[in-house]
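Examination of the molecular architecture
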Amino acid sequence: MAEAAVAGRVRTANEPRAEGASLAGALAVLEYCARVYRRTWRGTMFMTFFSPILFLGAMGFGLGSFVDTSTGAAGGASGGGFLGSVPFAAFLAPGLLVATCMQTGAFEATYPIMGRIVWDKVYHAMLATPIRVLDIVAGQFGWLAIRLLLVAISYFVVMLLFGLVRGGPLALLVVPIGVLTGLCFSTWIAAFAATQTNDNGFSIIFRFLITPLFLFSGTFFPIEQLPAFLQPIAFVTPTYHGVALSRDLTLGTAELGPSMLHLAILIWVCAAGVVASSITFRRALVK
């Protein structure tokens, strides 16, 4: 089994467990996740590679052609509304990149995490080796970062092929921003998943958190278009800050002050999620 191979890779002797995460242990957990993904990657092909093309084609260029016509953006002239001279597809694409990373990070932190704690007991088996709880947390989130990196790169390549990147070399930064935004959700949702014994709570997360954030955090239109009482709620979400920062980078409108604020909030949310996951994983795995 893959987990047995991983455990054997890090087993040394009957040495005492040190506090903190070890690089060897975290890499072993990451390797286990990669081995599992090697058997299941075909099921993720649609969301990772084909969904960007279909969604950008339908929403960006299909619906976008009508939006551009009404705002004057299609002809490059300054139009009305929130787009100005920016084609709707160029406005939408960075938002979809971040929103897809959010969705991927959220899903990867639900059933896979709870399954390895409750159903398969994979994490418990790892703890029978020199691997520690913090190794599991570090390795798991390291793998999630790689998964999100694949999604973000795929989306960014599609944006380049469609000519939707206007921000020069700085636009490449939307890839790590997408990864960071996805980790903001996967860390906190993994912390929640570690406390669950069934999957009933996951549907609530997707229905009442992920879907509203996908629709109302600036992906399809600026949050200034929302009712005044909803704008502060949207502003405090990681999705808004990831979308706003990515859009500024791809459109070439990024400014240092707002960009640093967006980045600081994303880093803070992600770091707090890692701490929360470390606590809940320990409670779930160490009795």
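Refer to the structure presented above.
Note on numbering: residues in each chain are counted from 1, in written sequence order. Only residues with pLDDT of at least 70 get local features here, since the model is predicted, and only at 80 or more are side-chain atom pairs given and counted; chain-wide, interface and lining totals rely on the full set of residues. Side-chain numbers come from the whole structure's heavy atoms, not from hydrogens or water.

1. Considering the packing of helix α4 (residues 88-108) against helix α8 (residues 174-193)
Each pair of packed helices gets described by two things: the angle between the helix axes and the distance between those axes. Interaxial angles span 0 to 180 degrees and are taken between N-to-C directions of axes, which are lines fitted to C-alpha atoms, for helices over the stretch in contact. Only DSSP runs of H or I covering at least 4 residues are called helices, and only runs of E covering at least 2 are called strands; the numbering of each starts at the N terminus. It is the contact of α4 with α8, at a shortest axis distance of 8 Å, that shows an interaxial angle of 30°. With respect to their mutual orientation, α4 and α8 come out roughly parallel. In this structure, α4 crosses over α8, and the sense of that crossing is right-handed. The segment α4 lies against α8, with L97, V98, C101, M102, G105 and A106 engaging V174, G178, V179, T181, G182, F185, S186 and I189. Throughout this description, any angle smaller than 35 degrees is read as roughly parallel, any larger than 145 degrees as roughly antiparallel, any in the 65 to 115 degree range as roughly perpendicular, and the remainder as oblique. Handedness of a crossing follows from how the near helix is turned relative to the far one, being left-handed for an anticlockwise turn of less than a right angle and right-handed for a clockwise one. Any two residues whose heavy atoms approach within 4.5 Å at even a single point are treated as in contact.

2. A look at the nonpolar core
Formed by 74 residues in total, the largest nonpolar core has its most connected members in L56, L97, Y123, M126, I136 and F281. Residue contacts for F281: discarding those within four places in its chain leaves I113, Y123, V133, I136, V137, A190 and A194. Only buried residues count toward a nonpolar core. Its members are Ala, Val, Leu, Ile, Met, Phe, Trp, Tyr and Cys residues joined through side-chain atoms within 4.5 Å. Between buried and exposed lies partly exposed: a residue is buried under 20% and exposed over 50% of the maximum accessible area for its type, with that area taken using a 1.4 Å probe on protein chains only. Counting residues in hydrophobic clusters, the runner-up holds 5 residues, among them I223, L226, Y240 and A244.

3. A closer look at the pattern of salt bridges
Basic side-chain nitrogens of Lys or Arg form a salt bridge, by our definition, when they fall within 4 Å of a carboxyl oxygen of Asp or Glu. Under the defined criterion, the tally for this structure stands at 3 salt bridges. Of the charged contacts in the structure, one is a salt bridge between R35 and E31, with a shortest N-O distance of 2.9 Å. Within this pair, R35 and its partner E31 are both found in helix α2 (residues 23-40), separated by 4 residues, close to a single helical turn. R132 serves as the salt-bridge partner of D135, at 3.9 Å between the closest nitrogen and oxygen. The exposure classification of D135 matches that of R132, with both residues buried.

4. A word on the side chain of T280
Looking at where T280 falls in the secondary structure, it is placed in helix α12 (residues 256-285). The class of T280 is buried, set by a relative accessible area of 14%. Discounting residues that sit within four places of it in the chain, T280 has contacts with A191, A194 and T195.

The values reported here are purely geometric and, on their own, carry no functional implication.
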